[in-house]
Amino acid sequence: MNRWLLTAFAVLFSAALCSADQGGRLKANDVNVWIPGTSISAPGDAGYMMHTNHMIYFGPNNAVEQLGPQYSMVFGPSLFAANPSGYSPTQIKSAYGLPSTGGSGTICIVDAYNYPTALNDFNVFSGQYGLPKETSTNVTASTNQHFQVVYGSGSKPAGNGGWNEEEALDIEWAHAMAPNAKIVLVEASSASDAGLLQAESVAASQSGCREVSNSWGGGEFSGEHSDDSYFSHAGVVFFASAGDTGGAQEWPAESPNVVGCGGTTLNLNSSGGRSSETAWADSGGGPSSYESIPSYQSVISSIVGTHRGCPDIASDSNPSTGVAVYDSTNYEGYVGWLVFGGTSVASPTLAGVANLADRNEGSSLNELNLVYGGYKGAKYFDITSGSAGRFKAVVGWDYITGVGSLIGDGGL
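Residues numbered from 1 in each chain as written. Predicted model: local features only at pLDDT ≥ 70, side-chain atom pairs only at ≥ 80, totals over all residues. Heavy atoms only, no water.

Visitor: I'm lost on the overall build of the protein chain in this one. Help?
Guide: Secondary structure summary: the protein chain contains ten helices and 22 strands in total. The buried share among the 412 residues of the protein chain stands at 61%. By element, 52% of the accessible surface of the protein chain is carried by carbon and sulfur atoms, the whole surface being about 14100 Å². (Helix = DSSP H or I, 4+ residues; strand = E, 2+ residues; numbered from the N terminus. Buried < 20%, exposed > 50% of the residue type's maximum accessible area, 1.4 Å probe, protein only. Areas by Shrake-Rupley, 256 points an atom, 1.4 Å probe, with all protein chains shown as cover.)

Structure below.
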């Protein structure tokens, strides 16, 4: 059976198999990309429930991968999860001109539900790429040096495979960027706004916390102003993914108290440097429907007018130029070494870079003043091609990539 027949089979049977796979589906315009069930929003979620912002790339390397592991009931088990693929930490750091090591204090990750293999997977990823491992066998011990789990509600939440994928991506890539920082995963009781915001407060209060990464979001809603205060805490900078629907706005990335992280397509040259970087077609962003322009965006008021514009900055997010992630918890047929994309990659990566820079700006406002103070400067790679939804990447700031991507660690 040739590639095109296999692809047609995938499209025809995707809907029938989705129910067994907890709602995941092939990406409509790219059959090499799987969108997990937890990354698909439902009508009426805005203001009540949040979704993850990650996707999985399984590539055109062989016939089974053309269909994805959700079809393993027909073609046998997945053939591609035993070894890492996708960009490595060294490749991402080389492309963006970042130091190979560094970091201090604590980076907190807020996600929903319990990830039972978090410690194991953190150490497998770390061992693969020469990063510090957590030697403690008690994942919740506050004395852990490199990795710890905290329960946002005070008790262990239920499990959820899609959010486990998100957690794997987030803890591993924050650690990859700032190896010497401690990573604390704060697990919310559920994906509800209430559960995640409770976990947000717990994260910001962790000893030594300098950055909090949030690779989740939902549609904007009229009452979001009242929740923006959850992202304002002395000594802490908050990051959030802008979403994976081109040209659509998500909260909390649209909050003026958050560094909104957009997505790019990053290509490398033979030396490991950046050969090109363009706007990712599925990156979220746009003018907020409810948030007024913050003072730090006065330099782009001619573009955004009276509304908060998002994102602020961007990083690699396209699944086809995705990053390696290890997750031993099977979800929708995916397990082991996987290639992840989505703006869920950008948020922990950029939070890790901010920690790696070791300036500790002390608040999201200070961090965003730094970003916009350097607008059009040598710290940022201006992304001028590509589009997402109704927006286009242009010279200067735009609604897909913000000020652009990083050149070195001076921009965060």
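Visitor: How should I be thinking about the packing of aromatic side chains in this particular structure?
Guide: Scanning the entire structure with this criterion turns up 15 aromatic pairs. A centroid spacing of 6.4 Å and a plane angle of 40 degrees characterise the contact between Phe58 and Tyr334, whose relative ring orientation is tilted. With Phe58 in the loop between β4 (55-57) and α2 (63-67) and Tyr334 in strand β18 (residues 334-341), this pair connects stretches of sequence that are 276 residues apart. Of the two residues examined, Phe58 and Tyr334, each falls in the buried class. Geometry around Phe381 places Arg274 over its ring, the cationic atom sitting 4.2 Å from the centre. (Phe/Tyr/Trp six-rings, centres within 6.5 Å; stacked < 30°, edge-to-face > 60°. Lys NZ or Arg CZ within 6 Å of the ring centre and 35° of its normal.)

Visitor: I'm lost on the confidence of the model for the protein chain in this one. Help?
Guide: Should the pLDDT be low somewhere, the predicted coordinates at that spot are not to be read in detail. In this model, the protein chain carries an average pLDDT of 90, and 89% of its residues clear a pLDDT of 70 or more. Below a pLDDT of 50 lies the segment residues 1-21, which in the model reaches 29 contacts outside its immediate sequence neighbourhood of four places, other chains included. (pLDDT = per-residue confidence, 0-100. Contact = heavy atoms within 4.5 Å.)

Visitor: Any chance you could explain the packing of helix α6 (residues 161-177) against helix α9 (residues 343-357) here in plain terms?
Guide: Helix-helix packing is described using two parameters, namely the angle between the two axes and the distance between the axes. Close contact between α6 and α9 brings their axes to 8 Å; oriented N to C, the two are set at 30 degrees. Classified by the angle between their axes, α6 and α9 sit roughly parallel to one another. Judged by the twist between their axes, the crossing of α6 over α9 is right-handed. In this structure, α6 contributes Glu166, Leu169, Asp170, Trp173, Ala174 and Met177 to the contact, and α9 contributes Ser344, Val345, Pro348, Thr349, Gly352, Val353 and Leu356. Considered class by class, the residues forming the contact of α6 with α9 number eight nonpolar, three polar and two charged. (Axes fitted to C-alpha atoms, helices over the stretch in contact; angles between N-to-C directions. Parallel < 35°, antiparallel > 145°, perpendicular 65-115°, else oblique. Left-handed = near helix turned anticlockwise from the far one by under 90°. Nonpolar A, V, L, I, M, F, W, Y, C, P; charged D, E, K, R; others polar.)

Visitor: Could you clarify how one ought to interpret the pairing of strand β6 (residues 147-151) in this entry?
Guide: Side chains on a regular strand alternate between the two faces of the sheet. Counting buried residues in β6 gives five out of five residues, a clear majority hidden from the surface. Alternating positions in β6 separate into two faces, Phe147, Val149 and Tyr151 on one and Gln148 and Val150 on the other, with burial throughout. When β6 meets strand β7 (residues 182-188), the two strands line up parallel, connected through five bridges. Its bridge partner lying in β7, Tyr151 is registered against Glu187. A crossover connection joins β6 to the parallel β7 through α6; in handedness this β-α-β unit is left-handed. (Pairing = 2+ DSSP bridges. Right-handed = clockwise from strand over helix to strand, strands pointing away.)

Visitor: Sorry, what's going on with the side chain of Asn318 here?
Guide: Relative to the helices and strands, Asn318 is located in the loop between β16 (313-316) and β17 (323-331). There is a polar contact of 2.8 Å between the side chain of Asn318 and the side chain of Thr265. Apart from the residues lying within four places of it in its own chain, the contact partners of Asn318 are Thr264, Thr265, Trp280 and Gly341. (Polar contact = N/O pair within 3.5 Å; in protein donor to acceptor, adjacent residues only side chain to side chain.)

Visitor: I would appreciate a short explanation of the side chain of Thr106 in the present structure.
Guide: Structurally, Thr106 is set in strand β5 (residues 106-112). Separated by 3.3 Å, the side chain of Thr106 and the backbone oxygen of Ser207 make a polar contact. Discounting residues that sit within four places of it in the chain, Thr106 has contacts with Lys182, Val184, Ser207, Gly208, Cys209, Arg210, Glu211 and Asn355.

Visitor: For this particular structure, what's the right way to read the sheet that holds strand β1 (residues 25-27)?
Guide: Think of a sheet as strands paired side by side through backbone hydrogen bonds, with each pair either parallel or antiparallel. Pairing is antiparallel in the open sheet, where five strands are placed in the order β1-β2-β4-β18-β17. Edge positions in the sheet fall to β1 and β17, since each has one partner strand and no second. Taking each pair of neighbouring strands and ignoring which way they run, the sheet shows an average axis angle of 50 degrees. Where helix α5 (residues 118-129) meets the sheet, its contacts fall on β17 and β18, and the angle it forms with β17 comes to roughly 150 degrees.

Visitor: Help me understand the sheet that holds strand β3 (residues 51-52) in this model?
Guide: With respect to topology, three strands assemble into an open sheet ordered β3-β9-β11, the strand pairing being antiparallel. Of all strands in the sheet, those bounded by a partner on one side alone are β3 and β11 (250-251). Across two bridges, strand β9 (residues 216-219) lies against β11 in antiparallel orientation. In the sheet register, Gly219 faces β11, and the bridge partner there is Glu250.

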